[in-house]
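Chain by chain, the residues:
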Amino acid sequence: MIHVSNLQKSFGHVQALNGISFNITDGEFYGLLGPNGAGKTTTISILSSILKPDEGEVIISGYNLLKNPVECKNVIGVIPQEIALYNELSALENLMFWGSLYLIPAGTIRKRAIELLQLFGLFERRKDKVKTYSGGMKRRINIAAALLHKPEILFMDEPTVGIDPQSRNLIFEVIEKLHRDGMTIIYTTHYMEEAERFCDRIGIIDNGQIIAQGTLNELKMETSVKEAVVITCELATAGRLNEIISLWKDSKRIDNKAYFYSGKVREDMSKIIQLCNQAGIEILNIEFQKTNLETIFLDLTGKQLRD
Amino acid sequence: MKRIAIKDLKLFLKDRKTMLITFAIPVALITLFAFAFGGINTGEDDREYTLPITDLDQSEYSKEAILRLDTLKSLKIVEMPLEQARQAVRKGNEDGVLILHKGFADSLRDGGRLPVELQYDQAKEMQIGMLQQSLIPTLSMIPFSTGDVKKSMSRRFDKMMAGSSPKIREEVNTQFDSLFNSVSRGIIPENNANSAFDFGSEIKMTKLVMAKDKSSPNLIQAVAGTAVMMLLFSVAGIGMGLLDEKQEGTLKRLLYSPVNPNKILFGKIISANVISIAQLLIMFVFAGIAFGLDIIRHFPGMLIVILATAYACSAFGVFLASFASTRQQVQGLATLIILVMSAIGGSMIPVFIMPVFMQKLAVISVNYWSIQAFYDVFWRALPITDLTFLSRILILILIGTIMNVVALRMYRKNILRIA
């Protein structure tokens, strides 16, 4: 469905993309993760044909992006990060306008716009000016505007930034429905839980390169980060942590915290608590250190995702 | 309080844009207006005024008269056939034409009134009045440059004193001789010769272009000048809409669609044109209803000028927007450019009362060509096939096209930077 090969782009002396390659199959949900300035937006901009690469090739639905931009644009939908709507127009007028750009007959657009308004729970407010909407409602229309022409591929650039929980849940439901219906989706987000929840595969991008990609399990295998039970104890009894650390095969102590590494943390937790009790250690807090995208990302890039 | 004031002053001094708006732009505008109103030279007006002259007498005396007029520093005499000169006046290219009629030499010899006529455009009455005042002293001295003047003046006095006794006639002749010798030797200044002898002092004044309805030149000036200036402000706002789209992300979204990026700009140009046409039409219809501007009789011409003006002005709005990167930049730039164009182009004061170099500068503004074209329609009543009128329309279209082409190039360049 999408074939990206050796994509390169520089702005002056800054190399924004340095040989990005990936393939996305039909109906796949692909997450693109990276800190600010990693090259996510540049990649999306090139894939959506508003930016030309210096080098590289992009094939979308069999069309070469550079040679057939219009054909490519007809099969993709882009949900921009910012709310790109006309505030003085109503939701219906906005949808009718954005749909008209794809040369769909007016009757078809209207029907589709009403379907989407119902899907996003905004049918009753369809005639109200967008400027009277809440942030979450605007974001819903922002998404609907990208779906009018029933694209085969959807680029979603942080679609849930700054919205209320109700709108977020509704958007999640719609995203899942679109995925179930077979739409190919490329999703960029800062929210790890969203990527973990939706993505079939994830590409981690940093300094203009994809440094790792695969399913969440495949990424977990690639990282050196291990799961652990972390015990925090009273300073007065912290010295005794050394006793039980020596009993555990893979562990370490930092001040009044002890890390007990394990492949099955939940099962081992009770054992560790028992050891602490036996040693007379007064436990203040117990937590799991999980291997998740956040830790994988930190391990691979040395940066927090929000850096 | 003191600290707040000092902080504010520091912020003010660090804000270059505000400094520019506060000091540099007003100074630039004052300079411009001072030039426009001719106040830069407080002494005599040193502009060279072109005066077409038609010599229908073709005598030695009429040629001598033209030579004398040509010695005036402020005048540039251009001899023209009568019809060509009248056409130039009718088309607004000249203010008036001085005609030395047949019998000029005979009148000089006979001591009669000189058959001199100034045919002019009523819209330029102020200039023509000043011209008349500067011509009279020279014309009044023309008899002194001919050898026959004493004879002709004697004849004139003879005619005047026909019923008087020989003694009185002799006394008057003696006084005349004395006075004539004084003027000839320069004892009495030339300017006073007219009051002394009262010859050549009358110029027949004929309005060649004049009001046929309520469309006075002042009304046309007021309506056309204001309409074009206000239109420029409106289209600057429409141009800013393009930058708003860029800032709000809708332009990016438009680019995601299969629409050709050029068509986005063309769409803006079309909407700017439609709004401009509507605005101009409403302003002229209002002027017609409220002030009696005859828009019905001149409708075809008016419509052509409105279309050409709307095209040029809307191109200006898009042109401005394509150069700037933010709405704020356009606002500052637009205000400055529109005020300058309106000042030099005749929206604020008629171009013909400005100094000559300002009149030459006026041609770079849209306002000038549009206002002149409106004068052609409402005042000079030129037919829409007239070449002078069409040339102004063509220039407006040319200005609009050049600005649209440049805007398109700049827009393409800016689009690539959008992502």
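Colleague: Please explain the overall build of chain B as it appears in this structure.
Modeller: When its secondary structure is counted, chain B shows 17 helices and five strands. Within chain B, the proportion of its 419 residues that are buried is 48%. Pairs at least 24 residues apart make up 76% of the contacts formed inside chain B by residues separated by at least 6 positions. In the form shown here, chain B has an accessible surface area of approximately 20,600 Å², with 62% of it arising from carbon and sulfur atoms.

Colleague: Whenever I open this one, the nonpolar core confuses me. Can you help?
Modeller: Where a protein is soluble and globular, its nonpolar side chains tend to be buried together. If you look at the biggest cluster of nonpolar residues, it comprises 153 residues, and the most contacted ones within it are Leu-154 and Phe-155 of chain A together with Phe-284, Leu-293, Phe-374 and Phe-378 of chain B. Looking at this core, the element that brings in the most residues is helix α10 (residues 217-248) of chain B, giving 14 residues. Viewed by domain, this core spans two of them, domain 1 (17-24 + 213-415) and domain 2 (49-149 + 200-209) of chain B, each represented by three or more residues. With 25 residues, the next largest nonpolar core counts Tyr-49, Tyr-61, Ile-77 and Leu-100 of chain B among its residues.

Colleague: It is not clear to me how the pairing of strand β4 (residues 116-121) of chain B should be interpreted in this structure. Could you clarify?
Modeller: For a regular strand, side chains alternate in direction, first toward one face of the sheet and then toward the other. All names here are of chain B. β4 sits mainly inside the fold: six of its six residues count as buried. Bridge analysis of β4 against strand β5 (residues 204-209) gives five bridges, and the strand direction is parallel. Bridging across to β5, Glu-117 finds its partner in Lys-204.

Colleague: Help me understand unusual backbone geometry, please; the structure alone is not making it clear to me.
Modeller: The general pattern is negative phi for most residues beyond glycine and trans for most peptide bonds. All names here are of chain A. A positive phi angle is found at Asn-6, which is not glycine, with a value near 50°. Tracing the backbone through its elements, the reader meets Asn-6 in strand β1 (residues 2-11). Taking relative accessible area as the criterion, Asn-6 reaches 33% and is therefore assigned partly exposed. A positive phi angle, close to 65°, is found at Ser-49, a residue other than glycine. Summarising the element assignment, Ser-49 is placed in the loop between α1 (40-47) and β4 (55-60).

Colleague: Quick question: what am I supposed to make of the sheet that holds strand β8 (residues 184-188) of chain A here?
Modeller: The strands that make up a sheet pair up through hydrogen bonds in the backbone, lying either parallel or antiparallel. Residue and element names in this part refer to chain A. The sheet built from six strands is open, its strands ordered β6-β7-β8-β3-β9-β10 with mixed pairing. A single partner strand is all that each edge strand has here, and the edge strands are β6 (76-79) and β10 (209-214). Each neighbouring strand pair of the sheet contributes to a mean axis angle of 15°, computed without reference to strand direction. Of the pairings in the sheet, the one linking strand β7 (residues 153-157) to β8 comprises five bridges and is parallel in character. Looking at the pairing, Leu-154 lines up with Ile-185 of β8. Along the sheet, α1 contacts β3 (29-33), β6, β7, β8 and β9 (201-206); its crossing angle with β8, the most-contacted strand, is approximately 150°. Docked against the sheet, helix α6 (residues 165-180) engages β3, β7 and β8, running at close to 145° with respect to β8.

Colleague: What is the right way to look at the sheet that holds strand β11 (residues 228-233) of chain A in this model?
Modeller: Residue and element names in this part refer to chain A. Spatial ordering of the open sheet is given by β12-β13-β11-β14, a layout of four strands whose pairing is antiparallel. If you trace the sheet from one side to the other, it starts and ends with β12 (251-254) and β14 (283-289), each paired once. Sheet twist, expressed as the average angle between the axes of neighbouring strands with direction ignored, equals 15°. Where β11 lies against β14, six bridges are found, and the strand directions are antiparallel. The residue bridging Val-230 from the neighbouring strand is Glu-287, located in β14. Along the sheet, helix α10 (residues 265-278) contacts β11, β13 (257-261) and β14; its crossing angle with β14, the most-contacted strand, is approximately 160°.

Colleague: Explain α1 of chain A here, please?
Modeller: Residue and element names in this part refer to chain A. Here α1 lies mainly inside the structure; seven of its eight residues are buried. Buried within α1 we find Lys-40, Thr-42, Thr-43, Ile-44, Ser-45, Ile-46 and Leu-47. Immediately downstream of α1, the backbone of Ser-49 shows phi near 65°, a positive value.

Colleague: Would you mind showing me how to read empty space enclosed by the protein here?
Modeller: To find leftover empty space, a probe the size of one water molecule is rolled over the atoms. This structure, assessed with the given rule, holds five cavities of 30 Å³ or more. Within this model, the second largest cavity holds a volume of roughly 70 Å³. Lining the second largest cavity are Val-78, Trp-98, Leu-101, Tyr-102, Ala-145 and Ala-146 of chain A together with Arg-253, Tyr-256 and Ser-257 of chain B.

Colleague: Please clarify how the interface of chain B and chain A should be interpreted in this entry.
Modeller: A common measure of how large an interface is: the accessible area buried when the components associate. If you look at the interface, chain B gives 14 residues, while chain A gives 21 residues. Counting the surface lost from both chain B and chain A, the interface buries some 1,700 Å², and carbon and sulfur atoms represent 63% of this. Applying the counting rule to chain B against chain A returns zero salt bridges. At the boundary of chain B with chain A, the tally comes to five residue pairs in polar contact (both at pLDDT 80 or more). Among the elements that make up the side of chain B that touches chain A, the one with the highest residue count is helix α11 (residues 250-256) of chain B (six residues). A class-by-class count of the residues in the side of chain B that touches chain A yields seven nonpolar, three polar and four charged.

Colleague: What should I look at first to understand the domain arrangement of chain B in this one?
Modeller: Residue and element names in this part refer to chain B. Segmenting chain B into domains produces domain 1 (17-24 + 213-415) and domain 2 (49-149 + 200-209). Each of domain 1 and domain 2 was reduced to a C-alpha centroid, and the two centroids are 39 Å apart. Facing 10 residues of domain 1, the contacting portion of domain 2 comprises 11 residues. Carbon and sulfur atoms make up 59% of the surface buried where domain 1 meets domain 2, a total of about 920 Å² over both sides. Looking only at domain 1, the three residues that lose the most surface to domain 2 are Phe-352, Trp-379 and Arg-380, adding up to 57% of its buried area. Between Lys-91 and Asp-386 there is a salt bridge, and its shortest N-O distance comes to 3.1 Å. There are three residue pairs in polar contact (both at pLDDT 80 or more) connecting domain 1 and domain 2.

Colleague: Just checking my understanding: could you explain the side chain of Ser-90 of chain A for this structure?
Modeller: With respect to the element layout, Ser-90 of chain A can be found in the loop between β6 and α3 (91-100). Not counting chain neighbours up to four residues away, the residues in contact with Ser-90 of chain A comprise Arg-126, Lys-127, Asp-128, Lys-129 and Val-130 of chain A.

Colleague: Hey, could you run me through the pattern of salt bridges in this one?
Modeller: If charged atoms from side chains of opposite charge come close, those side chains can pair. Counted under the stated rule, the structure contains 18 salt bridges over all chains. Across the salt bridge formed by Asp-376 of chain B and Arg-392 of chain B, the nearest N and O atoms sit 2.6 Å from each other. Linking Asp-376 of chain B in helix α16 (residues 366-378) with Arg-392 of chain B in helix α17 (residues 387-415), this pair joins segments that are 16 residues apart in sequence. Comparing Asp-376 of chain B with Arg-392 of chain B shows no difference in burial state: the two are buried. Connected through shared salt-bridge partners, Glu-88, Lys-129 and Lys-131 of chain A make up one network.

Colleague: Where do I start with helix α14 (residues 327-345) of chain B in this structure?
Modeller: The periodicity of an α-helix, 3.6 residues per turn, causes residues three or four places apart in sequence to face the same way. With 19 residues, α14 of chain B ought to run about 27 Å at 1.5 Å a step, and its terminal C-alpha atoms sit 25 Å apart, in line with that. Taken from the residues just after α14 of chain B, Gly-346 of chain B is the one with a positive phi, measuring 100°.

Rules and cut-offs
- Here, residues in each chain are numbered from 1, in the same order as that chain's written sequence.
- Chain labels run from A onward and ligand labels from 1 onward, assigned in the order the entries are written.
- Owing to the predicted nature of the model, reporting of local features is limited to residues with pLDDT of at least 70; listing and counting of side-chain atom pairs is limited to 80 or more, with chain, interface and lining totals taken over all residues.
- Neither water nor hydrogens contribute to the side-chain values; these are computed over all heavy atoms in the structure.
- The helix count covers DSSP runs of H or I at least four residues long, the strand count covers runs of E at least two residues long, and both are numbered beginning at the N terminus.
- Relative accessibility thresholds used throughout: buried, under 20% of the residue-type maximum; exposed, over 50%; partly exposed, between the two (1.4 Å probe, protein chains only).
- For this analysis, residues touch if any pair of their heavy atoms sits within 4.5 Å.
- Working definition of accessibility: Shrake-Rupley area with a 1.4 Å probe, residue cover restricted to the visible protein chains.
- Here, nonpolar core means buried Ala, Val, Leu, Ile, Met, Phe, Trp, Tyr and Cys residues that are tied together by side-chain atoms lying within 4.5 Å of each other.
- Start and end positions for the domains come from either an automated domain assignment or a database one.
- Two strands pair if DSSP finds at least two bridges between them.
- Axes here mean lines fitted to C-alpha atoms, for a helix over just the part in contact, with angles spanning 0 to 180 degrees between N-to-C directions.
- Only protein atoms enter the 1 Å grid, on which a cavity is a set of points fitting a 1.4 Å probe that cannot get out and a pocket is an open set with protein on both sides within 12 Å along at least 5 of 7 lines, lining residues being those with an atom within 4 Å of a point.
- Grid points are joined across faces, edges and corners, and a volume is the space filled by probe spheres set on the points.
- Accessible area that two parts lose when put together, with a 1.4 Å probe and added across both, is what the buried area reports.
- Salt bridges are counted wherever a side-chain nitrogen of Lys or Arg sits within 4 Å of a carboxyl oxygen of Asp or Glu.
- Pairs of N or O atoms within 3.5 Å make up the polar contacts considered here, provided that, within protein, one atom can donate a hydrogen while the other can accept it, and that residues adjacent in sequence are counted only when both atoms are side-chain atoms.
- Three residue categories are used. Nonpolar comprises Ala, Val, Leu, Ile, Met, Phe, Trp, Tyr, Cys and Pro, charged comprises Asp, Glu, Lys and Arg, and polar comprises the others, including Gly.
- Each residue after the first adds 1.5 Å to the expected span of a helix.

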